Amino acid sequence: MKNYWIWFPGDFEIHEGMLQNFTREERGMRWPAYWYSDDCYKNVKFEHAYDLHTPTTFTVHTHQQGYITINDTKYRVNEPITLKPGHQDIVIYIFSADELPTVWIEGELIHSDPSWLADNYVIQRPVGYSDLFTKQTDNPAHIPYAHKEIAPVSFQSQNGGLLVDFGKEINASLKFKNLKKAITVCYGESQTEALDTKMCYYQQSGITEHTKIPKRAFRYLFIPDFTAPSVDVTADCIFLPMTNHSAFSSDNELVNKIWDASIRTFKLCSDLFYIDGIKRDRWIWGGDAYQDNFINQYSFFNEDVDKRTILALRGHDEIHQHINTIVDYSMLWIISIYNHYQMTTDKEFLQMIMPRMEQMMDYLLAQTNDLGFIYGRDGDWIFVDWSAMDKDGTVAAEQMFLLQSLKSIMTAKKVLGQPATKYQKLFESLKANTLRYFWDNEKGAFIDSYESGKRHVTRHANILAVLFDIVDEEKQQAILHNVLLNDQITQLTTPYFKFFEQDALCKLGQLSQVYQTIQDYWGAMIKLGATTIWEEYDPTVSGKEHYAMYGDPFGKSLCHAWGGSPVYLLGRYFMGLQPTAPGYATFTIHPHLSMFNELQCSLPVKNGAVHYHVHDGKIDLRTDHSGGTVITDSEKIELQPQQTVTIANN
C-alpha cells in the first residue's frame, strides 16, 4: 500500500509554477513574469465512499485548516477516527489563504491514494499526487531538494579585488566563513560580467558569514576592495535529484564535450520544472519546455518533470491568454502532450489533461478566419523566432503549428476512445488551404505571408512543414534545396530554432551536414570556454559582445534550456533510436555512426536502455527491453533482450 499527499489535480504544479515565475532577479530588482498567473484553489474538499466490513481507524493529516464529515457527522483533522462497519461517505474540507490544500490519510483500510476525488465546489476530478510526497513527514510546501557543496577552483587578485572561479556554471547559494568585514559580491556567468561592478546581473552588498544569500546562477565571483589572496567560500548547489540514464564517450573529444555541456545545461534548467535559463528569466516558457521534452527522452527520461511543466504552463481550466502570451507556445503545449504520451504511454495523465487540452484548442480555433488560418489578436505575441520574417496578416509558420496541434489532439482523443471527427475535418481543410495560399510554386517553398504580397521566404515554416509531415516527398526535396541548403535564405542564430532546423535536416538525410553544424555551432561555444550551452551564438561578434542580448551587455543566458539539443539529435538520428509505438512497446535502432571509430553510448527507453559499442568497424547493440528492431541498409534484425547484435559501421 502506497500513501500519497493528495491535492486538487494540477494545483501543486500551478502553485509552484507561479512561485517559480516570481523568482527572476535583475540588478537588485525582483521581476515577476509579465503574463497572467493562476494560483491553486484555496478551498478544496476530498471525497471517498467506503463499504466497511470490519471496524477501522484512520487519521487525516494536513498542514492547513479543515474538518471532516462522515455521514454528515463532523470530526477533527490530525486526530484518529474509528469507524464501525457499514457505508461511510467521507468528505474532507481543507482551506488556506496562502498554501496548497493537501491531505495525507493514514489507515489500514482508509488511506490517501489516487482513488480519492477532489472538488473545488465547481469541478470534481480524481486527485493529484506525486512520488515526491509519500510519507506523513513530507510537506508539499517544501520541495525535497538535495544539496551539494562545491569549492572554488582558483582565486586571482584583479582590479583591486578578488576574482573567484568555480570552474563551471552552477546554480547555488553562497556560504562564507571567517570574514573579517562585510563584503560586496558581484556574480558573473562570465569573468567579464563578474568584473563589471556596475552592470553585472547579480550583486549583493553587506555580506557577512551570517547573511542569507539566495540561489543564483554564476561561475565567477568578484569581491571588490578585497586584498586577501583567497576567501573561505563554498557554493551550496541546490537541486532536485534526477538520474541521467544516458552516457556518451567517443573518439571525437569535441563532440564528447558538447554532449557533456548539453547534459549539464539540461539538468541545470530542469528541477521541479523546465525553466528557460538559470540566470536571467528563470521562468517556465512553452517553447523551451517543448524542446526539453525531446532532450529528456534521450537522457534523463524523467516523466514527472514533463508532467509538472505541462500542468504549470496551462493553469486552470479557464483560459485568459495564450501561454506566455505567445500563440505558437499554446500550440506547442498541445503538441507536447502527445509527445509525452508517445514517450511514456501514460494514459492516466492523458485522460486527466484532456479537458484542458480541448479548451485550449477551442481557444485557438476561436481566433481563426474563414480559411481556418490562425491570427494574432491584441495582446498576442506571434513569435515563431527572433529572426526577421514577414508577419503581415496570417503567418505560414503559425498554420504549421496549428496543423500539428490538430493532429495531436485528434490522435490523443482516439487513444482515449473519444470521437475526433471534428478535428480531422478541420485538419484536412486547413492543410488544403495552407498549401493553396502559402506554397509558392515558383520559389518551391512556403512564403511567410500571402497577404503582404512580398513573397518572403524564411526557413521557419518550411522547416515545420517537413517536421510535421505537412508536405509530400517532392515538396520536402524542394524545401531542402530551395531553403535549407540555400545560403541566400537568412541563417538562424538561436539554438531555439536551430533545434527545429537540424531536426528537419536529419529527417531529410543530411546527417553529415548536421554533424558538422554540431561541431561548428555548439563546438564554437565550447572552444570559447563554455561549460553550458548559451541562449544564442553569433560567430560574427567577439569579446564581451558574446554576452550581450536584448540591449543589455549581459542579457544573454549562458545556460539556456534549448541549447541541449545535440543530445536529442545524436540520440534520435545518429544512434537512430526511435519509438514506433507509445512507451517504446516497439522501437527501432537505425545507427549512422560512420564518423566514429570508437564509441560507447547508452540511451534510455521506457523501463530500460539501449547500449552501443563502436569498435573495429563494427557496432555492437544490446538492450534490456523487448520490442527492439535493428535496421541496416539491407535487413531488419529483431533485438532480443540481453543479446548482442553486431552490424557493420558504414
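This text goes with the structure placed above it.
Residues numbered from 1 in each chain as written. Predicted model: local features only at pLDDT ≥ 70, side-chain atom pairs only at ≥ 80, totals over all residues. Heavy atoms only, no water.

The strand order across the open sheet formed by five strands is β19-β24-β25-β26-β29, and the pairing between neighbours is antiparallel. The sheet terminates laterally at β19 (247–250) and β29 (645–648), the two strands that pair on one side only. Pairwise comparison of adjacent strand axes, ignoring direction, gives a mean angle of 20° for this sheet. Bridge count between strand β26 (residues 618–623) and β29: four bridges; the pairing is antiparallel. Considered in β29, the bridge of L621 is made with V645. Against the sheet, helix α3 (residues 253–268) touches β19 and β24 (599–605), its axis set at about 165° to β19. (Pairing = 2+ DSSP bridges. Helix = DSSP H or I, 4+ residues; strand = E, 2+ residues; numbered from the N terminus. Axes fitted to C-alpha atoms, helices over the stretch in contact; angles between N-to-C directions. Contact = heavy atoms within 4.5 Å.)

Right, let's talk about the nonpolar core for a bit. Among the nonpolar cores identified, the biggest contains 163 residues, and W333, F574, L577 and Y612 are the most heavily contacted of them. Top element by residues in this core is helix α6 (residues 327–344). It accounts for eleven residues. Other than its neighbours up to four places away in sequence, W333 contacts I310, L313, R314, I323, I353, R356, M357 and M360. (Core = buried A, V, L, I, M, F, W, Y, C linked by side-chain atoms within 4.5 Å. Buried < 20%, exposed > 50% of the residue type's maximum accessible area, 1.4 Å probe, protein only.)

With that settled, the discussion passes to the layout of surface pockets. To find leftover empty space, a probe the size of one water molecule is rolled over the atoms. By volume, the largest pocket amounts to about 860 Å³. Elements with a minimum of two residues in the lining of the largest pocket: α1 (11–20) and β14 (161–177). Here the lining of the largest pocket gets five residues from one element, more than from any other, and that element is β14. Its residues placed into classes, the lining of the largest pocket shows 14 nonpolar, seven polar and nine charged. (1 Å grid on protein atoms, 1.4 Å probe; cavity = no way out; pocket = protein on both sides within 12 Å on 5 of 7 lines; lining within 4 Å. Points joined across faces, edges and corners; volume = space filled by probe spheres on them. Nonpolar A, V, L, I, M, F, W, Y, C, P; charged D, E, K, R; others polar.)

A separate point is the state of the cysteines. Enumeration according to the criterion identifies zero disulfides in this entry. Not part of a disulfide, C237 finds its nearest cysteine sulfur in C559, a span of 12 Å. C601 provides the cysteine sulfur closest to C506, a residue in no disulfide bond, and the two sulfurs are 15 Å apart. The class for C506 is buried, based on a relative accessible area of 4%. (Disulfide = S-S within 2.5 Å.)

In spatial order, the strands read β6-β5-β8-β3-β10-β11; together these six strands make up an open sheet with antiparallel pairing. Of all strands in the sheet, those bounded by a partner on one side alone are β6 (73–76) and β11 (124–126). In this sheet, neighbouring strand axes are inclined to one another by 25° on average, regardless of whether the strands run parallel or antiparallel. One ladder, built from six bridges, connects strand β5 (residues 65–70) with strand β8 (residues 86–95); its direction is antiparallel. Of the residues in β8, the one forming a bridge with Q65 is F95.

Okay, helix α9 (residues 421–438) next. Look at α9: 25 Å from first C-alpha to last across 18 residues, which is about the 26 Å you get at 1.5 Å a residue. Taken together, the buried positions of α9 are Y423, F427, L430, N433, T434 and F438. For α9, the buried positions fall inside an angular range of 145° around the axis, keeping them on one side. Facing away from the buried surface of α9 by more than 90 degrees, the exposed residues are T421, K425 and R436. Buried residues in α9 make contact with α7 (347–365), α8 (396–415), β20 (439–440) and β21 (445–446). (Expected span 1.5 Å × (residues − 1). Arc of directions from axis to C-beta.)

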